[in-house]
Amino acid sequence: EEWREKLIETAVEQDDDLMEKYLEGEEPSVEDLKRCIRKGTLKLDFFPTYCGSSFKNKGMQLVLDAVVDYLPDPTEVDPQPEVDLEGNETGKHAIVDIKGPLRALAFKIMDDRFGALTFVRVYSGELKKGDTILNTFTGKTERVGRMVEMHANDRNELDYAHAGDIIAIVGMKDVQTGHTLCDPKNPATLEPMVFPDPVISIAIAPKDKAAAEKLGVALGKMIKEDPSFRVETDDDSGETIMKGMGELHLDIKVDILKRTHNVDVIVGEPQVAYRETITQKIEDSYTHKKQSGGSGQFGRIDYIIEPGEPGSGFNFESTVTGGSVPREYWPAVEAGFKKMMGRGVLAGFPLLDVKINLFDGAFHAVDSSAMAFEIAAMGAFRQTIPKAGPQLLEPIMKVDVFCPDDNVGDVIGDLNRRRGMIKSQDAGATGVRIKAEVPLSEMFGYIGTLRTMTSGRGQFSMEFLHYLPCPRNVAEEVIKEVKEREAAAKK
């Protein structure tokens, strides 16, 4: 009774008249309570919470009723902004309006036995079976064949959908998660989804020949379904490398390969996605000269390589004057440097935040070509980067740990041992939330340690934050491991 009273008080705070009546002793009706709870939910003043079990189907009906009673309909949320091709907002919005131009967002791709399903939310306008729609990301048009309304594993065929609907389109070819589908005569792009780069990788290999044949097809389907999941082949070892957002992410992918696609794989140790950068500014010169009968190759470049601002990536500029390196060769010099950024000199990890300025050089009227200048830039990279104080960077994760009061000291001590930096501690009603920044390489197997320390009551989440320089002892260990791995692969 005491807590029901508190719940009712919280709800009726949304309506002054009801609040007054309640304080005078009048019990509000169920309809009035639902109206107040809906109002508070839409304003994000509170969040109705339900208990239940999907396994035993307990409490599910109440949750579904709550979705209908309390959550906003499409007209009650802020409309989706439209952006231009550069990703800048245009000031226009996809207002929920059946009479408006078609605006729809593909938000999920799912592969099933009937073919690829593209789940689409229609923001404005209407979509009919047989319509031709434009994908503004690829610039290609596609015809809508079958549209279905999904009910768990069941589907109802549709001929028509309009603003506010969530449907699935069967058999779309070039559509991926985050693409905008619109009216070809009235194109627009909705705010795209942002997918961070992977921070962890594992090597996988098929257990037998049968698995090898199915692996490529299965991975292709999984990449389409999840844009934050990547697969690459290592050039040196020929291994298949899966990259994702964390240990759990990759564990689930291996499980999907086994359960959904019947592909058994052997899994290697997780590898951290280290990066490299430079710490010193170097002015240097490089000449590429080759003469072997007929026209030769010649290109000389004078350049400055220096560290860029954190997060700036690769920046190239040319301040050549007087035509010592003709303008048509500048892109070749940039391409040569850019090609080499993918493999650093310390341990072969990609380079970040490097600024290159081409300020002088020389060319030959007959022997110079774009190819000669590109090769010169690649040689210049190999010559200068080792002199520019190369440094290994490691991914730092934003870690959010929730644990009982009794275990705070143990958890903080453990995070410190993992080279973590504690940012804040906030006491809540049932425990303490600790926010920290910890290197990803130290977080492997953390969930097991946390559960042991907290008798199974602790939980945590983590996401990529940024790259920071590795301590020297860690960097030396990483470089040594990489060299040993490469040597083993060559054998």
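An account of the accompanying structure is given in this report.

About the criteria used
Residues numbered from 1 in each chain as written. Predicted model: local features only at pLDDT ≥ 70, side-chain atom pairs only at ≥ 80, totals over all residues. Heavy atoms only, no water. Helix = DSSP H or I, 4+ residues; strand = E, 2+ residues; numbered from the N terminus. Rg over C-alpha atoms; globule rule 2.2 N^0.38 Å. Buried < 20%, exposed > 50% of the residue type's maximum accessible area, 1.4 Å probe, protein only. Contact = heavy atoms within 4.5 Å. Areas by Shrake-Rupley, 256 points an atom, 1.4 Å probe, with all protein chains shown as cover. Lys, Arg positive; Asp, Glu negative; His and termini not counted. Charge placed at Lys NZ, Arg CZ, Asp CG, Glu CD. Axes fitted to C-alpha atoms, helices over the stretch in contact; angles between N-to-C directions. Parallel < 35°, antiparallel > 145°, perpendicular 65-115°, else oblique. Left-handed = near helix turned anticlockwise from the far one by under 90°. Nonpolar A, V, L, I, M, F, W, Y, C, P; charged D, E, K, R; others polar. Pairing = 2+ DSSP bridges. Phe/Tyr/Trp six-rings, centres within 6.5 Å; stacked < 30°, edge-to-face > 60°. Core = buried A, V, L, I, M, F, W, Y, C linked by side-chain atoms within 4.5 Å. 1 Å grid on protein atoms, 1.4 Å probe; cavity = no way out; pocket = protein on both sides within 12 Å on 5 of 7 lines; lining within 4 Å. Points joined across faces, edges and corners; volume = space filled by probe spheres on them.

### A short note on the overall build of the chain
Here's step 1: Of regular secondary structure, the chain possesses eleven helices and 27 strands.
Here's step 2: Relative to the 2.2 N^0.38 estimate, which gives 23 Å for 491 residues, the radius of gyration of the chain is 29 Å and therefore markedly larger than a compact globule would have.
Here's step 3: Each principal axis of the C-alpha distribution contributes one length, and for the chain these read about 100 × 60 × 55 Å.
Here's step 4: Burial statistics for the chain: of 491 residues in total, 39% are counted as buried.
Here's step 5: Counting only contacts in the chain whose residues sit at least 6 apart along the sequence, the fraction spanning at least 24 positions is 68%.
Here's step 6: Only carbon and sulfur atoms are counted for the fraction: they give 51% of the accessible area of the chain, which is about 28100 Å².
Here's step 7: One finds the centroid of the 61 positive side-chain charges in the chain at a distance of 7 Å from the centroid of its 81 negative side-chain charges.

### Considering the packing of helix 7 (residues 330-340) against helix 8 (residues 370-384)
Here's step 1: Interhelical geometry of helix 7 versus helix 8 gives an angle of 40 degrees and a closest axis separation of 7 Å. By the angle between their axes, helix 7 is oblique relative to helix 8. The hand of the helix 7/helix 8 crossing is right-handed. From helix 7, Ala332, Val333, Ala335, Gly336, Phe337, Lys339 and Met340 reach across to helix 8, where they touch Ala370, Phe373, Glu374, Ala377, Met378, Ala380, Phe381 and Arg382.
Here's step 2: Residues of the contact of helix 7 with helix 8, tallied by class, amount to eleven nonpolar, one polar and three charged.

### What to know about the pairing of strand 9 (residues 154-158)
Here's step 1: Where strand 8 (residues 146-151) and strand 9 come together, five bridges link them in antiparallel fashion. Across the sheet, residue Met147 finds its bridge partner in strand 9, namely Leu158.
Here's step 2: Linking strand 8 back to strand 9 in an antiparallel pair, the connection comprises two residues, with Ala152 at a positive phi of about 55 degrees.

### A closer look at the packing of helix 1 (residues 2-12) against helix 2 (residues 16-23)
Here's step 1: The contact between helix 1 and helix 2 brings their axes to 8 Å, and the two run at 145 degrees. Together, Glu5, Ile8, Glu9 and Val12 of helix 1 and Leu18, Met19 and Tyr22 of helix 2 make up the contact between the two elements.
Here's step 2: When its residues are assigned to classes, the contact of helix 1 with helix 2 shows five nonpolar, no polar and two charged.

### Considerations on the sheet that holds strand 2 (residues 89-94)
Here's step 1: Within the open sheet, the three strands sit side by side as 2-1-13. Their pairing is antiparallel. Two strands bound the open sheet, and with one partner strand each, they are strand 2 and strand 13 (189-190).
Here's step 2: Relative to strand 13, strand 1 (residues 80-83) runs antiparallel, the two sharing two bridges. From the neighbouring strand, Val83 faces strand 13, where its bridge partner is Thr189.

### So, the packing of aromatic side chains
Here's step 1: Overall, the coordinates contain six aromatic pairs when judged by the stated rule.
Here's step 2: Between Phe107 and Phe119, the aromatic rings sit 6.3 Å apart at their centres with planes inclined by 55 degrees, giving tilted as the arrangement. A residue pair is termed long-range when its members are at least 10 positions apart, and Phe107 in strand 3 (residues 103-112) and Phe119 in strand 4 (residues 115-124) qualify at twelve residues.
Here's step 3: What makes Phe107 partly exposed here is its relative accessible area of 29%.
Here's step 4: Ring centres 5.7 Å apart and planes at 65 degrees place the aromatic pair Tyr303 and Phe337 in the edge-to-face group. Here Tyr303, found in strand 21 (residues 297-307), pairs with Phe337, found in helix 7; they are 34 residues apart in sequence, far enough to count as distant.
Here's step 5: In this structure Tyr303 comes out as buried when scored by relative accessible area, which is 0%.

### Structural notes on the nonpolar core
Proteins that are soluble and globular tend to have nonpolar side chains buried together.
Here's step 1: Counting 45 residues, the largest nonpolar core has Ile204, Met242, Leu257, Val401, Val411, Leu415 and Ile434 as the members making the most contacts within it.
Here's step 2: With sequence-adjacent residues up to four places away left out, Leu415 is seen in contact with Val401, Gly420, Ile422, Ile434, Ala436, Val438 and Tyr446.
Here's step 3: Within the second largest apolar cluster, 28 residues are counted, among which are Ile278, Phe316, Tyr329 and Ala380.

### Side note on the layout of surface pockets
Here's step 1: Here the second largest pocket is characterised by a volume of approximately 560 Å³.
Here's step 2: Leu7, Ile37, Pro48, Tyr50 and Tyr70 are, among the 21 residues lining the second largest pocket, the residues nearest its centre.
Here's step 3: Listing elements by their share of the lining of the second largest pocket, those giving two or more residues are helix 1, helix 3 (30-42) and helix 4 (60-70).
Here's step 4: Looking at the lining of the second largest pocket element by element, the count peaks at seven residues for helix 1.

### Regarding the sheet that holds strand 3
Here's step 1: Taken in spatial order, the eight strands line up as 7-6-12-3-4-11-8-9 in an open sheet, and their pairing is antiparallel. Edge positions in the open sheet fall to strand 7 (140-143) and strand 9, since each of these has one partner strand only. Each neighbouring strand pair of the sheet contributes to a mean axis angle of 40 degrees, computed without reference to strand direction.
Here's step 2: The pairing of strand 6 (residues 132-135) with strand 7 spans four bridges and is antiparallel. Its bridge partner being in strand 7, Leu134 is matched across the sheet by Thr141.

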